[in-house]
Amino acid sequence: MTVTVKTYVHATCVALQASGRQWRGVLLRGPSGAGKSDLALRLIDAGAKLVADDQTALFRRGRSLIAAPPGTISGLMEVRGLGIVQVGRSRQRARVPVALLVDLVTPEKIERMPEPAREDVLGVDLPVIALAPFEASASAKLRLALARIPAA
C-alpha cells in the first residue's frame, strides 16, 4: 500500500498502550514553549513511546488518522536545557493511529466540568481535551482521558 503524507502539524505525538491493548497515539498541541516536549518526556519516562516531537506527519488510512515522524527528526526530541537528544530505539514508534487530541493550555483555561469536544482532522472525528501540561497530574489525566476512549 502506498502511503502519502497529507499534512504536517505543529504537535508532538506519543504512543501509549493501556491494559495490553494496541498502541494509540496522542497529539500534544500548543505553541512553542507550551510544554509539548516536557509532557511527552514524562510520558515516555513512564512507558510511552515517542512518535514525533514538535512536528508530526498525519495521513489517513481507511477510517484512521495515522501519525508518523518526519524523516529528518525521527527519534529526536528538543529537551529544554539539554538541547536536541536522541531517544533510544526502544522508546520510539514509527507510526500509530491517533486516538486523542490534547490542547495544552494554562491552568486557568481548564474548565472544571467541560463538555465533550471533538475535531475533524483529515476526515477523522477525534476527541479533544484541554490540559495544563506542567501540573503534576497532567500525565495521569491524559492516561485517564485515553482510557475512556473505546478502542477502534
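Preceding this section is the structure that the text describes.
The rules behind each value
- Residues numbered from 1 in each chain as written.
- Predicted model: local features only at pLDDT ≥ 70, side-chain atom pairs only at ≥ 80, totals over all residues.
- Heavy atoms only, no water.
- Salt bridge = Lys/Arg side-chain N within 4 Å of Asp/Glu carboxyl O.
- 1 Å grid on protein atoms, 1.4 Å probe; cavity = no way out; pocket = protein on both sides within 12 Å on 5 of 7 lines; lining within 4 Å.
- Points joined across faces, edges and corners; volume = space filled by probe spheres on them.
- Helix = DSSP H or I, 4+ residues; strand = E, 2+ residues; numbered from the N terminus.
- Nonpolar A, V, L, I, M, F, W, Y, C, P; charged D, E, K, R; others polar.
- Axes fitted to C-alpha atoms, helices over the stretch in contact; angles between N-to-C directions.
- Parallel < 35°, antiparallel > 145°, perpendicular 65-115°, else oblique.
- Contact = heavy atoms within 4.5 Å.

Enquirer: It is not clear to me how the pattern of salt bridges should be interpreted in this structure. Could you clarify?
Expert: Opposite charge on two side chains allows them to pair when their charged atoms are near. With the rule as written, the count across this model stands at five salt bridges. With its nearest N and O atoms 2.5 Å apart, the salt bridge here joins Asp-125 to Arg-118. Through salt bridges with shared partners, a single network forms among Arg-29, Asp-103 and Glu-119.

Enquirer: When you look at the layout of surface pockets in this model, what are you seeing that I'm missing?
Expert: Once rolled over the atoms, a probe with the size of a water molecule shows which space is left empty. Quantified by volume, the largest pocket comes out at close to 1,200 Å³. At the level of secondary structure, the elements contributing two or more residues to the lining of the largest pocket comprise strand S3 (23–29), strand S6 (64–68), strand S9 (96–104), strand S10 (117–121), strand S11 (124–131) and helix H2 (138–147). Per-class residue counts for the lining of the largest pocket are 25 nonpolar, two polar and twelve charged. One number sums up the size of the second largest pocket: a volume of about 290 Å³. Lining the second largest pocket we find 14 residues, and of these Gly-33, Ser-37, Asp-38, Glu-78 and Arg-80 sit closest to its centre. Listing elements by their share of the lining of the second largest pocket, those giving two or more residues are helix H1 (36–45) and strand S7 (76–79). By residue number, the principal contributor to the lining of the second largest pocket is H1, which donates four residues. Of the residues belonging to the lining of the second largest pocket, the class tally is four nonpolar, five polar and five charged.

Enquirer: Can you walk me through the packing of H1 against H2 in this structure?
Expert: When two helices pack together, their arrangement is given by the angle between their axes and by how far apart the axes lie. Two elements in contact, H1 and H2, have axes separated by 10 Å at closest approach and are oriented at 75°. Taken together, the axes of H1 and H2 lie roughly perpendicular to each other. Residues Leu-39, Arg-42 and Leu-43 of H1 lie in contact with H2, whose contacting residues are Ala-138, Ser-139, Leu-142 and Arg-143.

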